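So you can see what is in the structure, the chains are spelled out below.
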Amino acid sequence: MIETVTPRLAKLIRDRENDILGQWIALQTASAETRRDLMSESELRQQSSDFLSALRRALDSDPQIEFGNTVWADVRSLLAQISESRARQGFSPSETAMFVFSLKQPLFAAVQAGAKDAASLAQDTWTITTVIDRLGLYTTEAHQKSRESVIMRQQQEMMELSTPVVTMWEGILALPLIGTLDSARTQVVMENLLQRIVETGSSIAILDITGVPTVDTLVAQHLLKTVAAARLMGADCIISGIRPQIAQTIVHLGVDLNSVTTKATLADAFGTALRRLGLGIAKQPQPAA
Amino acid sequence: MERIPILKMGECLLVSIQVDMHDRLAMQLQDDLTSRIADTAARGVLIDISALEMVDSFIGRMLGNIAAMSRVLDAETVVVGMRPAVAITLVELGLSLSGVRTALNIEKGMELLATSIGAGNGRVHGPRFD
């Protein structure tokens, strides 16, 4: 029985394509979920007509309505494309899903107008509901996926941005750490630092944790790992920028930082580093007036 | 059988590892080095591992052991030229080699040995650490 349903629907859509499209676009523009500030009407018209013809072709050739089938590939890629562009434009998930769900009403109207008997009307309605629901879910999923990819990319960029190694003096490197230290970031920080130690031949590295909001046992362990790796390469580490609250947390947690030189401020650490290299900063004598 | 050469420079012994270390080679080095220290009454040992690209826990432990043995024989050990990848591996393995002194390159390692062995061996002294 179901074999006859989808070709009949496809024929119905073909016959009344203009009616359905007109109604659908009117519905979309009228609905509060359509953001006219974010996209133009001609763009909406283009997307709607593309989608409707893709849906018709798919219904025509796949009576089983199997979404995995290749005949649905057009519909899927079109939906994914629309969701992705809308996600990037700042549409919410429900605003994006409304694109598909608002098609239900025009389709129902078309089915009702062309219905011959009650049984086929019920069957058609049911088929449309199933198809539209699945397409709607797919849209939401695609929307979410593209949002996730945006987040992933931002994370990656943040990671690359936030780990500079700066040379403060010949033989002295500083690593100002900003943000929470997780294992992935520690790995990047460690590699950057060790690479710079080799390149510059520095014997002292200052890890400044002023910008690290909290230090728990895990962060402390990551810091100690970095210090140990730098020491294996032959460079001494100084940890600086320890705020009073963080000093209290470290002691309360029982973290052992005895093996590392720690200083309250970066300036203190720099002074210590200079002294270890046998250097010093002196005030220039003022020439007599 | 292949061996890692041990060169004598004044009061120091210089070991430069230029091949991939395998376990037997490491054990051989341990034997050779301890007997050379005893024979020459060396005060310092410099191990250059700048060509070593891979380490496992055994080699890491062996480096620690050599340092401990040398200390018993009254010789200071300095490991120089460790690559970043090797350092990260050792730390991830939990081997921070806390008993071993390290330096960035041979030159700095020599300075470190010279200052810790003490004056009187005629070498140029670098800046003192602490």
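Above this note sits the structure.
Cut-offs and rules
- Residues numbered from 1 in each chain as written.
- Chains lettered and ligands numbered in written order.
- Predicted model: local features only at pLDDT ≥ 70, side-chain atom pairs only at ≥ 80, totals over all residues.
- Core = buried A, V, L, I, M, F, W, Y, C linked by C-beta atoms within 7 Å.
- Buried ≥ 20, exposed ≤ 12 C-beta atoms within 10 Å, placed from the backbone.
- Helix = DSSP H or I, 4+ residues; strand = E, 2+ residues; numbered from the N terminus.
- Contact = placed C-beta atoms within 7 Å.
- Expected span 1.5 Å × (residues − 1).
- Arc of directions from axis to C-beta.
- Axes fitted to C-alpha atoms, helices over the stretch in contact; angles between N-to-C directions.
- Parallel < 35°, antiparallel > 145°, perpendicular 65-115°, else oblique.
- Left-handed = near helix turned anticlockwise from the far one by under 90°.
- Pairing = 2+ DSSP bridges.

*Asks:* Whenever I open this one, the nonpolar core confuses me. Can you help?
*Replies:* Residue and element names in this part refer to chain A. If you look at the biggest cluster of nonpolar residues, it comprises 71 residues, and the most contacted ones within it are A205 and I206. Looking at this core, the element that brings in the most residues is helix α9 (residues 217-232), giving eight residues. In contact with A205, not counting residues within four places along its chain, are L173, L175, L193, I197, A230, A235 and C237. Within the second largest apolar cluster, 25 residues are counted, among which are L59, V75, I82 and A142.

*Asks:* Help me understand helix α3 (residues 41-61) of chain A, please; the structure alone is not making it clear to me.
*Replies:* Residues spaced three or four apart along an α-helix point in a common direction, a consequence of the helix completing one turn every 3.6 residues. Residue and element names in this part refer to chain A. Here α3 contains 21 residues, and its C-alpha end-to-end distance of 31 Å stays within 8% of the 30 Å for a straight helix at 1.5 Å per residue. Three or more residues of α3 are buried, namely Q47, S48, F51, L55, A58 and L59. The arc that holds every buried residue of α3, seen down its axis, measures 100°, which confines them to one face. Of the exposed residues in α3, the ones pointing more than 90 degrees away from its buried face are S42 and Q46.

*Asks:* Is there a simple way to think about unusual backbone geometry in this case?
*Replies:* Keep in mind that most residues, glycine aside, have a negative phi and that most peptide bonds are trans. All names here are of chain B. For D74, which is not glycine, the phi dihedral falls at a positive 65°. Within the fold, D74 resides in the loop between α2 (57-72) and β4 (76-80). Given 10 C-beta atoms within 10 Å, D74 falls into the exposed group. Positive phi outside glycine occurs at L97, with the angle close to 45°. In this fold, L97 is placed in the loop between α3 (84-92) and β5 (101-103). On the basis of neighbour counts, which here come to 20 C-beta atoms within 10 Å, the residue L97 falls in the buried class.

*Asks:* I keep staring at the packing of helix α2 (residues 17-30) of chain A against α3(A) and nothing clicks. Help me out?
*Replies:* For any two helices packed against each other, one specifies the crossing angle of their axes together with the interaxial distance. Residues and elements named next belong to chain A. Where α2 meets α3, the axes come as close as 10 Å, and the angle between the chain directions of the two elements is 135°. Between α2 and α3, the crossing angle belongs to the class labelled oblique. The way α2 lies across α3 gives a crossing that is right-handed. Contact residues: α2 offers E17, I20, L21, W24, I25, Q28 and T29, while α3 offers E41, L44, R45, S48, S49 and L52.

*Asks:* Would you explain the sheet that holds β4(B) in this entry?
*Replies:* To summarise the sheet geometry, strands pair through backbone hydrogen bonds and adopt either a parallel or an antiparallel arrangement. Residue and element names in this part refer to chain B. If you walk across this open sheet you meet the five strands as β1-β2-β3-β4-β5, and the pairing is mixed. Looking along the sheet, the strands with just one partner apiece sit at the ends: β1 (6-9) and β5. The mean angle between the axes of side-by-side strands here comes to 25°, regardless of whether they run parallel or antiparallel. Pairing analysis gives three bridges linking β4 to β5, with the strands arranged parallel. Paired with V78 across the bridge in β5 is R101. Of the strands in this sheet, β1, β2 (12-16) and β3 (44-48) touch helix α1 (residues 23-40), which is tilted by about 25° from β1.

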